[in-house]
Amino acid sequence: MGKVEEFEELRPLLFSIAYRILGSVGEAEDAVQETWLRYDGSATRPTSVKAFLSATVTRLSIDVLRSARVRREEYVGPWFPEPLLSDPYDDPARSVELADSVSMAALLLLERLSPLERAVFVLREVFGFGFDEIAEAVGRSEEACRQLLVRSRRHMQAGRPRFAADSRERQELATRFFDALKDGDVGGLRNLLAADVTLVGDGGGKTPQLARAVIGADNVARVLGTVFPLMFQVDVSFEPQQLNGQPGAILRDRDGRILHTMVLDVLDGQIQTVRAVINPDKLGHLGPVGDAWALDREVKLVRRQAP
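Now for a description of the structure that goes with this document. In this text the structure is predicted, and so the values were computed from the model without any measurement.

1. Describing the overall build of the protein
Looking only at helices and strands, the protein features twelve helices and six strands. Against the globule reference of 19 Å for 307 residues, the protein gives a C-alpha radius of gyration of 21 Å, in line with a compact fold. Counting only C-alpha atoms and orienting by the principal axes, one finds that the protein spans roughly 75 × 40 × 35 Å. By residue count, 48% of the 307 residues in the protein fall in the buried class.

Printed below as a string of structure tokens:
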């Protein structure tokens, strides 16, 4: 097998590692491409191509994350990972870990970790790498990597919910949620929401967005049940879609361009969080992006004209 074939076979794994470390589709793709350039330019053939490429993409991702964290501290409003339609890497032996680790909630928990902790956690807990391989990837001793893993596990477990929902329960609840959203059924929405549910959007200061998170079932139901019927009046449509392994939807304008994505956190039979990614910089990899400001003007006009 030549270099190109070897690399392409491992590309899904490399992207999946980089995305979990970075939370960005574009930055993960760049890290994978740079990994290829380094592999292609290497004069020596590594003993294990998988170990070499995984270590390379990990180190590149750590470097990118260190600079990205500075930018995220200056980010306008809440920061969310870029939505991912599907994880290209599949390993039946680790399907649970892979599915859990790519959710928005898990990626936001990973933001609590240092770049090294995040890399060690991803390589060990998600992909099952040995400590010898992890040590080589992050440039630390095996013992140091074990300590990094202990700390990262502690941080992750502290933020995890107590009850998980199975995929069927999540999907059934999401279907009822989006049906109520289409109908502007405030009462129906309220019945699906946890008492302390949170509605929050990531616009990055580049689109109309909520001034602050909306908290509480009554408040969230009222906002959603009021705004979405107005959006549908100006031909906004949404397609139910699995995003980051969770039930969600992609909202499109009348020309089919993407306006934003919505993802639901479902736990213990209720929707706990509604997260919307509205920042156009985070949506381009999903397709052509619409003009959220134009939509906002149309919605306001419809509201003023309502009897």
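Following the structure, the description resumes.
2. Quick notes on the pairing of strand β4 (residues 246-252)
Counting buried positions over the seven residues of β4 gives seven, a clear majority of the element. Neither face of β4 is left uncovered, since the one carrying Gln246, Gly248, Ile250 and Arg252 and the one carrying Pro247, Ala249 and Leu251 both have all their residues buried. Taking the residues between adjacent antiparallel strands as the criterion, strand β3 (residues 237-243) and β4 are bridged by two residues, where asparagine 244 takes a positive phi near 55 degrees. The turn linking β4 back onto strand β5 (residues 258-267) is made up of five residues, and glycine 256 within it adopts a positive phi angle of 85 degrees.

3. Thoughts on the side chain of aspartate 265
Looking at the secondary structure, you find aspartate 265 in strand β5. In this structure aspartate 265 comes out as buried when scored by relative accessible area, which is 10%. At 2.4 Å, the side chain of aspartate 265 and the side chain of glutamine 246 are in polar contact. Setting aside residues no more than four positions away along its own chain, aspartate 265 makes contact with Ala105, Gln246, Gln270, Ile271, Gln272, Thr273 and Arg275.

4. Thoughts on the sheet that holds β5
Judged by pairing direction, the sheet is mixed, and its six strands sit side by side in the order β2-β1-β6-β5-β4-β3 without closing on themselves. Both outer strands of the open sheet, β2 (214-215) and β3, are each paired with one neighbouring strand and no more. Across seven bridges, the pairing between β5 and strand β6 (residues 270-277) is antiparallel. Paired with leucine 267 across the bridge in β6 is glutamine 270. Along the sheet face, helix α9 (residues 167-183) touches β1 (193-202), β3, β4, β5 and β6 and points at about 130 degrees away from the line of β5.

5. Side note on the nonpolar core
Grouped together as the largest cluster of nonpolar side chains are 47 residues, with contacts concentrated most on Ile17, Tyr19, Phe127 and Val138. Of all the elements in the fold, those that place two or more residues in this core are α1 (3-22), α2 (25-40), α3 (49-73), α5 (104-110), α6 (115-126), α7 (131-138) and α8 (142-159). With ten residues, α1 is the single largest residue contributor to this core. Setting aside anything within four residues of it in sequence, one finds valine 138 in contact with Thr58, Ile62, Leu116, Ala119, Val120 and Cys145. If you look at the next biggest cluster of nonpolar residues, it comprises 33 residues, including Phe228, Met231, Val266 and Val274.

6. Here's the deal with the packing of α7 against α8
Here α7 crosses α8 at 95 degrees, and the two axes come no closer than 9 Å. Taken together, the axis directions place α7 and α8 in an arrangement best described as roughly perpendicular. Facing α7, whose interface residues are Phe131, Asp132, Ile134, Ala135 and Val138, α8 presents Glu142, Cys145, Arg146 and Leu149. Considered class by class, the residues forming the contact of α7 with α8 number six nonpolar, no polar and three charged.

7. A short note on the pattern of salt bridges
Counting across every chain of the model gives 20 salt bridges. With its nearest N and O atoms 2.2 Å apart, the salt bridge here joins glutamate 6 to arginine 45. Highlighted residues: glutamate 6 in helix α1 and arginine 45 in the loop between α2 and α3, separated in sequence by 39 residues. Residue class for arginine 45 comes out exposed when judged on its relative accessible area of 54%. Notably, a salt bridge pairs arginine 252 with glutamate 239, separated by 2.9 Å at the nearest N-O pair. Of this pair, arginine 252 sits in strand β4 while glutamate 239 sits in strand β3; the two residues are 13 residues apart in sequence, bridging distant segments of the chain. Taken together, the shared-partner salt bridges connect Arg72, Glu111 and Arg118 into one network.

8. Observations concerning the pairing of β5
Buried residues dominate β5, accounting for ten of its ten residues. Bridging between β4 and β5 involves five bridges; their strand directions are antiparallel. The partner of arginine 252 across the bridge, within β5, is isoleucine 258. Between β5 and β6, which pair antiparallel in sequence order, lie two residues; one of them, aspartate 268, sits at a positive phi of approximately 50 degrees.

9. Focus on the side chain of arginine 72
Of note, arginine 72 is situated in helix α3. Residues in contact with arginine 72, not counting those within four places in the same chain, are Leu22, Glu27, Leu65, Trp79, Glu111 and Arg118.

10. Some thoughts on the packing of α3 against α7
At a closest axis distance of 8 Å, the pairing of α3 and α7 adopts a crossing angle of 45 degrees. The orientation of α3 with respect to α7, classified from their angle, is oblique. Considering how the two elements wind past one another, α3 and α7 form a crossing that is right-handed. On α7, the residues touching Ala51, Ala55, Thr58, Arg59 and Ile62 of α3 are Glu133, Glu136, Ala137 and Val138. Here the contact of α3 with α7 is built from residues that sort into five nonpolar, one polar and three charged.

Cut-offs applied
Residues numbered from 1 in each chain as written. Predicted model: local features only at pLDDT ≥ 70, side-chain atom pairs only at ≥ 80, totals over all residues. Heavy atoms only, no water. Helix = DSSP H or I, 4+ residues; strand = E, 2+ residues; numbered from the N terminus. Rg over C-alpha atoms; globule rule 2.2 N^0.38 Å. Buried < 20%, exposed > 50% of the residue type's maximum accessible area, 1.4 Å probe, protein only. Pairing = 2+ DSSP bridges. Polar contact = N/O pair within 3.5 Å; in protein donor to acceptor, adjacent residues only side chain to side chain. Contact = heavy atoms within 4.5 Å. Axes fitted to C-alpha atoms, helices over the stretch in contact; angles between N-to-C directions. Core = buried A, V, L, I, M, F, W, Y, C linked by side-chain atoms within 4.5 Å. Parallel < 35°, antiparallel > 145°, perpendicular 65-115°, else oblique. Nonpolar A, V, L, I, M, F, W, Y, C, P; charged D, E, K, R; others polar. Salt bridge = Lys/Arg side-chain N within 4 Å of Asp/Glu carboxyl O. Left-handed = near helix turned anticlockwise from the far one by under 90°.

Coordinates in, geometry out; function isn't part of it.
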